[in-house]
Amino acid sequence: MTDARLAEARTSLEPLRGDLRTATEGFEQRLADIDARRKQLGDPPAAGAPAEDPSIIAERRRLDQRHAEIDAALKQARLLTLRGDDLAERITDKRRSLFTQQLFGRESSALD
């Protein structure tokens, strides 16, 4: 690949990396909100304690399920962010290598 194509690939990668960072921040905020709501509900009653209202039990289950879904999405977004960062780094390394080859490569001289 040429340097121009590598630069183009890197340029097209940057908005995706930014979108992933934004998504990660959104997922982290959602998890914080869910954790705060779960904390408000408190822990389930211990064995032998009076039973909780069914609506609280249902809400706790819904929050637990939502937490698991968002946590999975957050982990996936973080993984994709790492892959994007790795790809950007590999593009930079390849461009640097091409530049070095061009700078120090042997060329035929006009004197030859």
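So, how was this worked out
Residues numbered from 1 in each chain as written. Predicted model: local features only at pLDDT ≥ 70, side-chain atom pairs only at ≥ 80, totals over all residues. Heavy atoms only, no water. Helix = DSSP H or I, 4+ residues; strand = E, 2+ residues; numbered from the N terminus. Rg over C-alpha atoms; globule rule 2.2 N^0.38 Å. Buried < 20%, exposed > 50% of the residue type's maximum accessible area, 1.4 Å probe, protein only. Core = buried A, V, L, I, M, F, W, Y, C linked by side-chain atoms within 4.5 Å. Contact = heavy atoms within 4.5 Å. Polar contact = N/O pair within 3.5 Å; in protein donor to acceptor, adjacent residues only side chain to side chain. Expected span 1.5 Å × (residues − 1). Patch = residues over 30% accessible without salt bridge, like charges linked within 9 Å, V, L, I, M, F, W, Y side chains within 5 Å. Areas by Shrake-Rupley, 256 points an atom, 1.4 Å probe, with all protein chains shown as cover. Salt bridge = Lys/Arg side-chain N within 4 Å of Asp/Glu carboxyl O.

Student: Mind showing me how you'd approach the overall build of the protein chain here?
Tutor: A tally of helices and strands in the protein chain yields two helices and zero strands. For 112 residues, the compact-globule formula gives about 13 Å, and the C-alpha radius of gyration of the protein chain, at 26 Å, lies well above that figure. Dimensions along the principal axes, computed over C-alpha positions, put the protein chain at roughly 95 × 25 × 15 Å. Counting only residues that meet the buried cut, the protein chain has 19% of its 112 residues in that class.

Student: How should I be thinking about the nonpolar core in this particular structure?
Tutor: With eight residues, the main nonpolar core is built from Phe27, Leu31, Ile34, Leu41, Leu63, Ile70, Leu74 and Ala77. Put simply, the parts of the chain that give this core at least two residues each are helix H1 (3-41) and helix H2 (54-104). Residues contacting Ile70, with those up to four places away along its chain left out, are Phe27, Arg30, Leu31 and Ile34. Ranked by size, the runner-up nonpolar core spans five residues in total, among them Leu6, Leu13, Ala88 and Leu98.

Student: I tried to follow the side chain of Glu59 on my own but got confused; where do I start?
Tutor: Here Glu59 lies in helix H2. Excluding residues that lie within four positions of it along the chain, Glu59 makes contacts with Arg37 and Leu41.

Student: Would you mind showing me how to read the environment of Thr92 here?
Tutor: Within the element layout of this structure, Thr92 appears in helix H2. Measuring from C-alpha to C-alpha, the distance between Thr92 and Asp64 comes to 42 Å, with 28 residues separating the pair along the chain. Separated by 2.6 Å, the side chains of Thr92 and Arg10 make a polar contact.

Student: I would appreciate a short explanation of H1 in the present structure.
Tutor: One full turn of an α-helix is made of 3.6 residues, so residues set three or four places apart face in the same direction. Over its 39 residues, H1 extends 57 Å from the first C-alpha to the last, a length consistent with the 57 Å expected when each residue adds 1.5 Å. When we look at burial in H1, the residues that qualify are Leu6, Leu13, Arg17, Leu20, Thr24, Phe27, Leu31, Ile34 and Leu41. The secondary structure elements touched by the buried residues of H1 are H2. Looking one or two places after H1, you find Gly42, whose phi comes out positive at around 80 degrees.

Student: Where do I start with a nonpolar patch on the surface in this structure?
Tutor: Together, Phe99, Leu103 and Phe104 make up a nonpolar patch on the protein surface, roughly 390 Å² of accessible area in all. Mapped onto the fold, Leu103 is located in helix H2.

Student: What should I look at first to understand H2 in this one?
Tutor: Helix length check: H2 (51 residues) gives 75 Å between terminal C-alpha atoms against 75 Å at 1.5 Å per residue, within 8%. Here H2 has its buried residues at Glu59, Arg60, Leu63, His67, Ile70, Leu74, Ala77, Thr81, Gly84, Ala88, Ile91 and Leu98. Taken together, the buried residues of H2 touch H1.

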